Each structure stands twice: as structure tokens, then as C-alpha cells.
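# Descriptive analysis of the structure
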Amino acid sequence: MTIKEQLTLASGLAVALSSAALWGLYAETGWFWPVLGAVAVVTIAGLVGRRLGLPRLLQPLLGLFSLGAYLAVVFAGSTLDYGVVPTGSTVDLLQALVTQGRLDIVQLAPPVPPGKGLVLLSAAGVGGIAVLVDLIAVVLNRAAVAGLPLLVLFAVPSAVLPGGLGGVPFVLGAIGWLGLLMVEGSERVGRWGTPMPSALPGARPVGDDSSLGRVGRRIGFAAVGMAVVVPLLVPGLEHRLIGGGEGALGGGSGSNSQKTYNPITKLKDQLTLPKPSELLLYQTNDPSPDYLRMTTLDRYTGDGWEASDLSAFQKESQVQKGIERPIGDNAERRDLTMRIAIVRDHLDVFWLPVPFGPTKIDVEGTWLWDTTSQTVFSAQRSTRDLPAYDVEASRPLPDRDALALAEAGGVPPVISKKYGKPISVAPYVQALTDRITADHATAYDKAVALQAFFSNPSNGFVYDFNASQPQRGEDALQAFLEGRHGFCEQYATAMAAMLRVAGIPSRVAVGFTPGVLVEGSRDTYVVTTNEAHAWPEAWFAGTGWVRFEPTPAASGARVPDYSVPANADPTTPGQDPSTVVPTPTASPQPGSFGKDLDLLERDPAAAAPGTGGGPTDPGPSRWLIVPVALAVLLTLPFLLSVVRRRHRWSRPGLLTAWAQLQDDATDVGYRWNPADSPRAAANRLLACHPLPTSAAEALGRIALATEQARYAPPGRQQGLESGDATLVRSALQQTATTRVRLRAKYFPPSTVQWAAHVVSERVADLLDTVDDAISRVTRPIRRRTSAAR
């Protein structure tokens, strides 16, 4: 295989490895093989062109032609005549796919599904980069410059991914580029002719690795290592390429998304804790606070509910700029304010707990509002260590009469498409829902009947943390409705599913019940893991989303008054939160939240349970690492010099005094001449730094002892005690200026040089180990290449 063919393969491999940068853009792996196929086709076209001896300028054209043919076959193969000849329909289909891909780019936020249009654009883009890299590295023989088009593959993902690329794609791309440089380097060295073989023992055979190759690899690996390590050590840099953070997208106007996980999977673990754990504290002017919502779940899977990925335009959707009233929400409202403090380390989620109907939130960081799900979320930070935040809200107060008059046909398409989509349930669930709602004509009456089915004690539903799980193959919803034992997740799941079966748009909300009033306070509440809760919500024209409560006997759960018929028995479980003021059912533990009525207003940090740190305590800033690290670096040379000097004189040798003298003279700015003998070096030092008589005599004795140690026969050599070296050291420092003396004491150049030498040797040893391993693996290939020449 010729060098040009090796460069062609190396170019294709570099592009294939660099395409790993696209991995985070897609939610699935369906894009990978079409993109890899595009790179392979371009690489094969380059090999064929070079084997046929095509002129250099025609070789990139062959690559482009092959890429176009590949895209037509893969993405529009059904429109080709005889499977190979493109037609007008081929062009139309490819144009339609390109248009669809561009729309997906505008409308979707990563990670996106691998739609055909997006995959076509990815394959065409990566294939085009493969052609460009081949042109630069092989045709123009500029492999180093070929790294620039490879960077294009990293530009878009690093700009739009909230979490950054990650280290793995960056390292893979760097390895591909370094491999390309190595192949080109061997080709350049090969132009100088075949290396002369050596007869010395241990000499490398012809075709073995050259020292230039070894040096090049050292430089390459060191550069990649610095690129990976340095951003991790310097605050702020870690969010540029291989990492993401709040600054990465903070000022952009593009879309931002959060790939969600199911929050109700943690509810049971929280509710069954042996001792409740405080999650948040809030203070409000609302006389009867309602639930705090974190997020909502819109997709029924058969086993439960899950959420679609959240998405919002970052520039327009920041909650600090205000939140518009949701569509269809025309209910009477109550304006309120709330200050919320998250307990440190106890709540770590990407959704912000807020009351219903938030209109503006003053919170640290980039938090966005997803209008459809009515969720405040962040793709860049969690609630962990989040300082206290202020919420302005206009809480809807649903009216029973308005709900009863809601028109079934008044559901807007944006709601019906996502929340009114029919779901598939077991025949038992379908029949039970039909039976419960059979005598009710309006959507409101059906919803009230379904809630009453769960809350009516005569139906035998029991709130149970330890309800048995369905057996394998058993329908989870049917198992719950038959067993009638469960906690809030099962109740919310069941009622929301039955609402959907009855033709009413529904979803499951996750958050917290109002919590417990802090003892001695009238407006401050504590929310613990006991208040973690899930509930169903139904959509009604003219009112919007309305909360229902089917869960019996849950901690703090309350059936809203509007969901109970006006003529219902007043002893029916549940009361209207707009008329009932919560009273403390359990006082906070001593040292917890019950310290001060105005705790949040005056000192949110004091609200933390236990010792030290509060919900608003952000913890030590990473920027504090800088002065600490600087202080360590400034004191380290001084400590090292003291340790070296004591260690040196703990076991003195014949040349110990001379070694110490060399360090001491270096520290005061003297430059030794390696060619001088000890006596000549001492005379030169005296000429530059005149010393007192006693110190000069001590210097002479050190020089004489050094010459004896080097040249005298055994038995006539003598060493010196540290006294002469100490005397000379003190005299040298007295001849220096104050600045030089301080430098010699606290930042001695000799110690810095020694430390640099030691570190460089250890790094070189490590690189030697890596280099030898690479050399052993590639030696057979180099020998075959050398033989082919």
C-alpha cells in the first residue's frame, strides 16, 4: 500500500472518529450507520482514484460524485430507475427531505429523533467534510491543516448541547487527527531515504519507529492531554468545548431542552423514609396555599405516565422576564407572592417547585418556562445549592358552575393533540370507566364521578405504601383497580388514564402538597418528603388545567371544593384549600425551620437543618480554589528547598557541599559554566560575588574537597561538614539585594529547576511507556511498508 493510500485511509478514519461529536445531538443511534457509510464511500472513492492514477484535481470530484450517488441510493432509492439512474422524482424527494431536515433544525432541540431529513443533512455534511479532509491531507499534502474542517464537526454540537460534547468525542477526534499526522510524518521522513541499519546491540530493524515519529507522538499526546486537563482545572474553561454549563448557552437565542426522567419513580422511596427529610421552606401571603407543582407527565405507557422532553426558546422563555397566562385559562384568580428556599442537598432536580399560575420568578441562573407542560426547568443546573428565589403568581380559582358549563368541543388542538390522544387500556379498565361515567353527560360530571369512585370509602380504596406490585404480564392499571391498595402514584395514574378513556384531556402532575405551617408562624411552611405527591389534572374550556385529588389519606392531600358536587354530603373527605388554613400536624424538629417567623426575609441561610449552611448557602465558590492554589504554589518552592537541604545533609556524600553550593549560588542569580573545574568555578564566583575572608576560605575548601572527590585516588578523598556550605550560603545572600534574597528564600530558582526536571523526567517516562506500546503494535506495518519501498 502506497503512502497516498495510507493517507486516504487515515483521513477517512479521522472523519469517522470525529463524527462522534454528533452523538449527543440525537436521541437514538439510527443516524450513525448512514453517516459512517458516507465517510466509507468517500474513502473508497479516494482509494480507487489513486489506484487508477487519476489526476489530482479529479480525485475530489470523484469523491463528491460517489457521495451524491450514495445519498440518492440510501435516501431516495425507490425513485431510481433500474436502482441506479436518478430521475426527477429523486431530486424532488431529496429536496423535500432537505426542507424537512431544515425545519427540524429550527423547531427541535437536541437530543432529536433521527428523522430522515436530519440524517440526510448529517450524512451529506460529514461526507462533504470527508471530501475536504481528503483534498487537504492527501491531494495538497497538508495533514495538519486538515484539522480545521474536522473542527467543524465539533462547532455545532459544542454550541447547542447544554452539557457540552463530553471528553470522549473530543479525544476520539484528536486521536484521528494525530493518526493522520503520524502517517504524513512517516511519509515526509521516508523522502529522506532508507535509514542506515545499525550493528549495535538492541538497534531497531529497518522500518522501525524513527526518533522523529516518537517526538511527534509525544508532542501530540501532550497537546491532547493539556487540552483535556487544563479546562478542568481553570474555572470557567470547562464549559467551552468538552463540558457544558450555564455560560455555554446563557446568552443565546436558540432553543434549550431537558431530557426528562420520570419523577414519580422516586415518590415511593421518599414517602417510605423512616424519618421525613425537609426539602424546602417557603413564605407566602396566600392565606391558604395550594400544591406546589414541579412538572407534568403527558404520555401513558401502559405501566404508568412519563414526560415528553421539555423545550423552550432560551431568549424568550426565561422566567425572570415574565410568564404569559396559559392558553384557555380564564378562571378567577388570586395574586400572591412566595419566597422559596431549597434545603441544601435534599432536593436535586431540574424542575423548579412553584405555585400554580406563576407570572414572574426571580431566580439565579437560566430557568425556562415550557408553556405546554407548565414547567419551570433548566437544562444547565439543578435545584441543588440553589439560593432562595421569589415567585409572583396569579393562582387560578376554578368555579364549579363554570366547570359544569364547559363545552366538550372547546378544546384547542394544541391541548387535544398532546393531552387528549386516546390511550389503550385493558377491557376491564374500559368497562369500569364506562360504567362510572355512564349516567353523566358533561366532562365535569364525569371527572367528579371518577374522583368520587376513588375517594368514597365504600369502594374500599386504601392508601398503602407497601402495595404489592403486579405480576409479570399483568396489567398494572387493572391490578391496582382490582386490588385497590396503593399510594399517590397509582391513584393519579389510574384517574388520569380513566379521564383520557372518558375523552377528557388529562395528565399527571408531580410536586408537593402545601406542607406544614411552622410553629409560631402565620405565613411560613415547611415541606418534607412526606409531602411529595402526584395528582391528576384535567383540562376544561374556559378554565384550563384543573387539579383533582383521588388519593385518600395522603399527607396534606386535600380534595378541592370545586371537585365535589354542591349537594354532596359535607362530611365527604376533602375541603377547599381556598377556605381552609393549614395547621401544623407536626412541629419541625429543634434546630430546624421553626426558628423565626421572618426567617426567609432576614436570614435564609439560617433556615438549614442541622449544623452549618442553609438552603441559600451556595457552598464554596470554585473561584476560591484560585487563591488557595496560588498560595500553595507560592509556598511549595520554599518547603521543597527546606526538605531537599535537610535530606541532602542527612546522608552527606563527598560532593554534597559542592551540590549545595551550586544551588545556593544559582538562587542569588549566578550562572555556572559547566566547562570550569571546581577551582576555576570558585574563582569565577568570587569575582562576581566578593565574599568575606572566612567565606572565601570556606569556598576554597569546598572546591579543593570537590577536586579530591573527583580526581584523588581512593583513601585520600575527604568530605566536608555542612558548616562551610552554610557559611558560604549566608555570605552569598548578604551580597545580594533584598529582592534577590527574598526570591532565594521563598522561590529559589534551583528548587524550581529541580522540580521541573523531575516532573519532565516522569512525564517522559510515561510517554516512553505509551510510545513503546504503540511502536510494538505498529512495527509489523512499518516493516511491510519499508519492504514495499
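## Side note on the pattern of salt bridges
Going through the model one piece at a time under the given rule, you end up with 17 salt bridges. D663 is the salt-bridge partner of R648, the closest N and O atoms lying 3.0 Å from each other. With R648 in helix α19 (residues 625-650) and D663 in helix α20 (residues 656-667), the pair connects residues that are 15 residues apart, well separated along the chain. Neither residue differs from the other here; R648 and D663 are each classed as buried.

## Describing the packing of aromatic side chains
Between two aromatic rings, the relevant description is the distance of the centres plus the angle of the planes. This structure, assessed with the given rule, holds 23 aromatic pairs. Taking the centre distance of 5.9 Å and the plane angle of 40 degrees together, the rings of F461 and F480 count as tilted. Of the two residues, F461 sits in the loop between α15 (443-455) and β13 (462-463) while F480 sits in helix α16 (residues 476-483), which places them 19 residues apart along the sequence. Accessibility expressed as a relative area gives 6% for F480, which makes it buried. The ring of Y419 carries R507 above its face, with NZ or CZ at 5.4 Å from the centroid. If you follow R507 out to its NZ or CZ, it ends over the ring of W545, 4.0 Å from the centre.

## Examining the packing of helix α2 (residues 32-52) against helix α5 (residues 116-139)
It is the contact of α2 with α5, at a shortest axis distance of 8 Å, that shows an interaxial angle of 30 degrees. Taken together, the axis directions place α2 and α5 in an arrangement best described as roughly parallel. Taken as a pair, α2 and α5 cross one another with a handedness that is right-handed. Across the interface between the two elements, P34, V35, A38, V39, V42 and R50 from α2 touch V119, S122, A123, V126, G127, A130, V131, D134, V138 and V139 from α5. Broken down by class, the residue content of the contact of α2 with α5 amounts to 12 nonpolar, 2 polar and 2 charged.

## Digging into the confidence of the model for the chain
Summarising the model, the chain shows a mean pLDDT of 78, and 74% of its residues fall at 70 or more. In this model, residues 198-209 is a region of pLDDT below 50 whose contacts with residues beyond four sequence positions or in other chains number 23 contacts. Between residues 229-255, whose pLDDT stays under 50, and residues either more than four places distant or in other chains, the model counts 62 contacts.

## Here's the deal with empty space enclosed by the protein
Any empty space left between the atoms is revealed when a probe the size of a water molecule rolls over them. Evaluation of the coordinates by the stated rule reveals 5 cavities of 30 Å³ or more. The computed volume of the largest cavity comes to approximately 110 Å³. Along the wall of the largest cavity there are 13 residues; nearest its centre are R293, P326, D329, G357 and Q374. When its residues are assigned to classes, the lining of the largest cavity shows 8 nonpolar, 3 polar and 2 charged.

## Quick look at unusual backbone geometry
Backbone geometry at N141 places phi at a positive 60 degrees, although glycine is not the residue there. Mapped onto the elements, N141 comes out in the loop between α5 and α6 (147-160). Its identity as a non-glycine residue notwithstanding, Q374 has a phi of 55 degrees, on the positive side. Topologically, Q374 is positioned in the loop between β10 (368-370) and β11 (375-377). Exposure remark for Q374: the relative accessible area of 8% places this residue in the buried category.

## Quick word on the sheet that holds strand β18 (residues 532-540)
In spatial order, the strands read β8-β3-β15-β18-β19; together these 5 strands make up an open sheet with antiparallel pairing. Every other strand in the sheet has two partners, leaving β8 (354-355) and β19 (544-547) as the edge strands with one partner each. Bridge count between strand β3 (residues 292-297) and strand β15 (residues 506-512): 5 bridges; the pairing is antiparallel. Along β15, the bridge assignment pairs T296 with A509. Sitting on the sheet, helix α17 (residues 488-501) is in contact with β15 and β18, with an inclination near 10 degrees to β18.

## Thoughts on α20
The end-to-end C-alpha distance of α20, which contains 12 residues, comes to 17 Å, matching closely the 16 Å that a straight helix rising 1.5 Å per residue would cover. Most of α20 is tucked away, with 10 of its 12 residues classed as buried. For α20, the full list of buried residues reads T656, A657, W658, Q660, L661, D663, D664, A665, T666 and D667. Once α20 finishes, G669 follows within two positions and takes phi at roughly 100 degrees, a positive value.

## Quick word on a nonpolar patch on the surface
Taken together, the side chains of L630, L634, L742, Y746, F747 and V752 define a hydrophobic patch exposed on the protein surface, amounting to about 550 Å² of accessible area. By secondary structure assignment, the location of L634 is in helix α19.

## Some points on the pairing of strand β17 (residues 524-528)
Summarising burial for β17: 5 of the 5 residues are buried, a large majority. The alternating pattern of β17 places T524, V526 and T528 and Y525 and V527 on opposite faces, both of which are buried. One ladder, built from 5 bridges, connects strand β2 (residues 278-284) with β17; its direction is antiparallel. Bridge pairing in β17 places Y282 opposite Y525. Pairing between strand β16 (residues 516-517) and β17: 2 bridges, direction antiparallel. Bridge pairing in β17 places V516 opposite V526.

## Quick look at the packing of helix α21 (residues 678-688) against helix α22 (residues 693-711)
Orientation of α21 relative to α22, taken along the N-to-C sense of each, is 160 degrees, at an axis distance of 8 Å. As far as their axial angle goes, α22 and α21 are roughly antiparallel. Helix-helix and strand crossings are classified by hand; for α21 and α22 the assignment is right-handed. Along its contact with α21, which presents P678, R679, A682, L685 and L686, the element α22 presents A696, L699, A703, L704, T706, E707, R710 and Y711. Grouping the amino acids of the contact of α21 with α22 by side-chain chemistry returns 9 nonpolar, 1 polar and 3 charged.

## Let's talk about the side chain of T493
When you line up the elements, T493 lands in helix α17. Exposure remark for T493: the relative accessible area of 9% places this residue in the buried category. Not counting residues up to four positions away in its chain, the partners in contact with T493 are Y300, G304, W305 and V508.

## Examining the environment of A705
Inspection of the secondary structure puts A705 in helix α22. Accessibility expressed as a relative area gives 3% for A705, which makes it buried. For A705 and L655, which are 50 residues apart along the polypeptide, the C-alpha to C-alpha distance reads 8.0 Å.

## What to know about the environment of L94
Locating L94 in the fold gives a position in helix α4 (residues 88-107). Measuring from C-alpha to C-alpha, the distance between L94 and A76 comes to 6.7 Å, with 18 residues separating the pair along the chain.

## Section: the sheet that holds strand β12 (residues 389-397)
A sheet is described by the order of its strands in space; here 6 strands give the open sequence β9-β12-β7-β2-β17-β16, paired in antiparallel fashion. Across the chains shown, the open sheet's two edge strands, defined by having one partner strand only, are β9 (358-362) and β16. Pairing of β9 with β12, which is carried by 4 bridges, proceeds in the antiparallel orientation. Counted as the bridge partner of K360 is E392 from β12.

## A few points about the nonpolar core
A general feature of soluble globular proteins is that nonpolar side chains tend to end up buried together. Counting 77 residues, the largest nonpolar core has I361, F454 and L481 as the members making the most contacts within it. Top element by residues in this core is α17. It accounts for 10 residues. Beyond its immediate sequence surroundings of up to four residues, F454 is in contact with F461, F480, L481, Y491, A494, M495, M498 and P550. In this structure, L7, L25, Y70 and I129 belong to the second largest nonpolar core, which totals 40 residues.

Rules and cut-offs
Residues numbered from 1 in each chain as written. Predicted model: local features only at pLDDT ≥ 70, side-chain atom pairs only at ≥ 80, totals over all residues. Heavy atoms only, no water. Salt bridge = Lys/Arg side-chain N within 4 Å of Asp/Glu carboxyl O. Helix = DSSP H or I, 4+ residues; strand = E, 2+ residues; numbered from the N terminus. Buried < 20%, exposed > 50% of the residue type's maximum accessible area, 1.4 Å probe, protein only. Phe/Tyr/Trp six-rings, centres within 6.5 Å; stacked < 30°, edge-to-face > 60°. Lys NZ or Arg CZ within 6 Å of the ring centre and 35° of its normal. Axes fitted to C-alpha atoms, helices over the stretch in contact; angles between N-to-C directions. Parallel < 35°, antiparallel > 145°, perpendicular 65-115°, else oblique. Left-handed = near helix turned anticlockwise from the far one by under 90°. Contact = heavy atoms within 4.5 Å. Nonpolar A, V, L, I, M, F, W, Y, C, P; charged D, E, K, R; others polar. pLDDT = per-residue confidence, 0-100. 1 Å grid on protein atoms, 1.4 Å probe; cavity = no way out; pocket = protein on both sides within 12 Å on 5 of 7 lines; lining within 4 Å. Points joined across faces, edges and corners; volume = space filled by probe spheres on them. Pairing = 2+ DSSP bridges. Expected span 1.5 Å × (residues − 1). Patch = residues over 30% accessible without salt bridge, like charges linked within 9 Å, V, L, I, M, F, W, Y side chains within 5 Å. Areas by Shrake-Rupley, 256 points an atom, 1.4 Å probe, with all protein chains shown as cover. Core = buried A, V, L, I, M, F, W, Y, C linked by side-chain atoms within 4.5 Å.

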